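The residues making up each chain are set out below.
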Amino acid sequence: MLDDAETGRSGPQGLFSALAEPQYARFPQRLSANPWREGATFAAVMIGLSVLLTLAQARADTNGAIVDLLPSEAVFPLLMGAALFPLRYIWVAVGTYALAFLASAVLRLWLEPAYLPDGVAVFPVLAFGLVLNALPALAAGLFGRWLVATVQARGLPGRAGREDTLLLVGTVAAYILLALAMVPVVVATLYDPGWITPLGGGSDLTEAGLFRAARIGLCGMALMLLLMDRPDRRNMTVALAIQPAFIVLGMLRVEGFAVHPTLDVVMLALAVALMAPAYAAVVANVMGVVVYVVITGEFLVQIPITSVDVLRLEVASVLLMALVCLLLLLRHRTLLERRQSRETIARLERVQELATVGYFVLDLSNNQVRVDGVAAGILGTAQKFDLGLFLRRVHPQDGAAIVAAISDLSLGERTLSFQLSPGPVWGGEEAARFISMHGWFEERAGAVIYAYGVLIDLTSDHRREMALADALASLSEQQNRQTQMFSIVSHELRTPASVISMLVEELDAGASWEEMGPRMRSVSGQLLSVLADMRQTVRPEENLPVRIETVRPSEIAETVRNTFLLMAEAKGVEIGLDLSPIAWMPRMTDRVRLVQALSNLVKNAILHSECGRIIIGYVEEQGPVALWRVMDDGMGVPEEARATLFEPFRRGDGLGTARTDGSGLGLYVTKSSIELLGGTVAYVPDVSGGSIFELRVPMAVPAEAEGSAAPEAVTKQPGQRGRILMAEDSELIGELLVARLNRLFEEVVWVKNGADALAAYKVIQPDVVLTDLFMPELGGDDLTSTLRERGADCLIIGMTAAAIGDERTRFEEAGTDLVLTKPVSTRQLLEVLDRLEARARARAAAVK
């Protein structure tokens, strides 16, 4: 008999592990119980599988007799039977293998006239192939059986599924090694150097055989896992639901949409092994691979190794296939452990029904209690004691419940639970025992009332429940953290994704890739930087270095505001800017990290603060050190939540912010990004209500400040209307607007500040002026008022990120004809053209 030390387990699990039966014994039991039915079913399925694979592979270009024998997929029934069948029924496996091999060979000879080279005798080749393929499979299966028997005889410690793992891994590993060694023998025995094969000469055939042997061995492991159990309706439903994925993958391969024929299907199998239920994953992958082979004729047929890259992909596919098999085996073991745990619990419940219990009798006339020996051991008392003294050891609330129960005789029976301290008085729950009491009342002659019943010690059960509750709480926390980590992508990548969407819209509208490609690469760089910062959250030691570049603070503020304008408008929130007059001057910092930090703060304010207005502020302190402020007039952050405000996965637990979706990572990434730049982040409560987040970031002055850029004219395109002058200091927004304007106007001139716009106006005399508000040297409102003072009567359009508020008013008071809301859409630009044409018609009518 095995004790707990021998099984490697303790408690009931270790005790009952001796009763556990290896899963690999299930099929031999079924075969022994009904050899004809189970044997015939096995033979029919395996022969049918071999025929199906033969028909699928017959059309492959690299198919041929020598290739098919390196080794043959017909060995599956022999490999499985040698490992799993009772020895007295091994002939079923041998016969099935022989029939499958011959059926496959006959089909190939019939379907492929050039299957064997001219002049080659069929019988010797097939006879040698039959024997040479059988030897590794038979030897490997017997080795696996010997390995399991040896471990069992020595009584080595193990857990559920140990024997299954040893059998499968030992059998498959032995088969692969023996098959690899047999491949050169097959080539040397059957291959004539004068033959022309689809894969080339003898060395190429040997290389192909090595890959084929590994795949067939690993496929054999999956088939043996399948044979160890029998799928129920639930497993079959899940497996069938997954098959469309393999069908689509096969059809895509047929149409030429694939990375690598063997790697693609293995990647899909890996996903299934990770996500599907354990046994359903085995069924789904076996069925799916067969479906893929039927559709494509590939996977088991080795493709030519034409380059080092192809060789690497083949090696990768074999390694991933091994990973899939090991993962399925690991999940198989986990399934068996759960099954064994359920069986252990069931046995414990049956044992508890026969367990010895303690008995008590209470004389209510004098509160004297008598107990038997078992109950005395449970309570830690003598067999006779006073109830009053005993209650001093009971939890005060439980003691009051006991007193109330024996005082009320209206009910004939009582069930109570109480905690009992081992000392003379109640000493707390740490060492307390948990007792369940079931009692009845009975009145005897002389009006003497007795209470009697049973006592059950539930201390162990209670502690198991507490341990299980702790384990479940820990598991729940881990699952929550995983879920939160998966939500990082949607939380952190929305901004670059939005810009990419705009670029795609431009491409759909006719913009050329030569024009949009560099911008797409720029946004991709930002996207990769964001991913790097997410890696910083998970693995800070692998963080990428900071990239310092020249930026303009005003441009950064505009970029952040424009990014969240639509989101803010949907929430009824206004975003304003409060920038220092020197915000347009160039400074040095990591643009992507600074934009990301500010974006997280603005987005949090929109989503969580319930504010009506957000201000992005910028001033400079000595150093120079930039002081960025993101201020809102929302509900602020309660004092109890401020200590953990910048910790990861914090969303204001228990506060209003918990109602909004999010990963709870934004402020943590903001703090990490700013600290990487040598700065600090702080939360400052606003005495008037709302929140203020202050970011102090070193922003050095570049050695050579960038001067004003000369106007950039865009090539004219015929068939368009009017001439437009655009003043916009943001590079990205300016390039996108030029692309749109160029499709609607005859000539587009872009300048990057108000002063250059005044100079360009004198030269080109535009029909329309489109200007931003915040720009270096001269703002858009001042540009508008100056043009009007100088007599400009063209259409002047202002651009602002706020649909209402001070910025719109400033434009209107300066004399603009129209104020557009950023981001400027094609529809808004068409409205500008409509106004331009209406003005032209009005002037023509006035002349007449």
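This is a predicted model, so every value here is computed, not measured. (Residues numbered from 1 in each chain as written. Predicted model: local features only at pLDDT ≥ 70, side-chain atom pairs only at ≥ 80, totals over all residues. Heavy atoms only, no water.)

Draft legend 1. Representation of the overall build of the chain. Secondary structure assignment for the chain yields 31 helices and 19 strands. By sequence separation, contacts in the chain at least 24 residues apart represent 70% of the contacts at least 6 residues apart. In the structure as shown, the chain presents an accessible area of about 40,300 Å², 60% of it carried by carbon and sulfur atoms. (Helix = DSSP H or I, 4+ residues; strand = E, 2+ residues; numbered from the N terminus. Contact = heavy atoms within 4.5 Å. Areas by Shrake-Rupley, 256 points an atom, 1.4 Å probe, with all protein chains shown as cover.)

Draft legend 2. Highlighting the pairing of strand E10 (residues 613-621). Relative to E10, strand E8 (residues 574-579) runs parallel, the two sharing 6 bridges. Across the sheet, residue Gly576 finds its bridge partner in E10, namely Ile615. Bridge count for E10 against strand E11 (residues 625-632) is 8 bridges, and the pairing is antiparallel. Bridge pairing links Ile614 to Asp632 in E11. (Pairing = 2+ DSSP bridges.)

Draft legend 3. Fine view of the sheet that holds E10. With mixed pairing, the 5 strands of this open sheet are ordered in space as E8-E10-E11-E13-E12. The open sheet has two edge strands with one neighbour each: E8 and strand E12 (680-685). The average undirected angle you get between the axes of adjacent strands in this sheet is 15 degrees. This element, helix H22 (residues 553-563), spans E8, E10 and E11 of the sheet and lies at about 175 degrees to E8. The sheet strands contacting helix H24 (residues 591-608) are E8, E10, E11 and strand E13 (691-698), and the helix crosses E11 at an angle near 15 degrees. (Axes fitted to C-alpha atoms, helices over the stretch in contact; angles between N-to-C directions.)

Draft legend 4. Structural context of the nonpolar core. Of all hydrophobic cores here, the largest spans 77 residues; its most connected members are Leu84, Tyr175, Val265 and Phe299. When residues in this core are grouped by element, the largest group, 12 residues, is from helix H10 (residues 202-227). Membership of the second largest hydrophobic core comes to 43 residues, among which are Val551, Ile556, Cys611 and Ile614. (Core = buried A, V, L, I, M, F, W, Y, C linked by side-chain atoms within 4.5 Å. Buried < 20%, exposed > 50% of the residue type's maximum accessible area, 1.4 Å probe, protein only.)

Draft legend 5. Expanded view of the packing of helix H11 (residues 233-254) against helix H13 (residues 278-296). The contact between H11 and H13 brings their axes to 8 Å, and the two run at 30 degrees. By the angle class used here, H11 and H13 are roughly parallel. Every pair of crossing elements has a handedness; the one defined by H11 and H13 is right-handed. Residues belonging to the contact of H11 with H13 are distributed by class as follows: 19 nonpolar, 6 polar and 1 charged. (Parallel < 35°, antiparallel > 145°, perpendicular 65-115°, else oblique. Left-handed = near helix turned anticlockwise from the far one by under 90°. Nonpolar A, V, L, I, M, F, W, Y, C, P; charged D, E, K, R; others polar.)

Draft legend 6. Highlighting the packing of aromatic side chains. According to the stated counting rule, one finds 8 aromatic pairs in the structure shown. Look at Tyr97 and Phe101: their rings are 6.0 Å apart centre to centre, the planes differ by 55 degrees, and that puts the pair in the tilted class. Highlighted residues: Tyr97 and Phe101, both in helix H7 (residues 90-111), separated by 4 residues, approximately one helical turn. Members of the aromatic cluster, each reached through a chain of ring pairs, are Phe385, Phe390 and Phe418. One cation-aromatic arrangement involves Lys752 over Trp750; the distance from NZ or CZ to the ring centre is 5.0 Å. (Phe/Tyr/Trp six-rings, centres within 6.5 Å; stacked < 30°, edge-to-face > 60°. Lys NZ or Arg CZ within 6 Å of the ring centre and 35° of its normal.)

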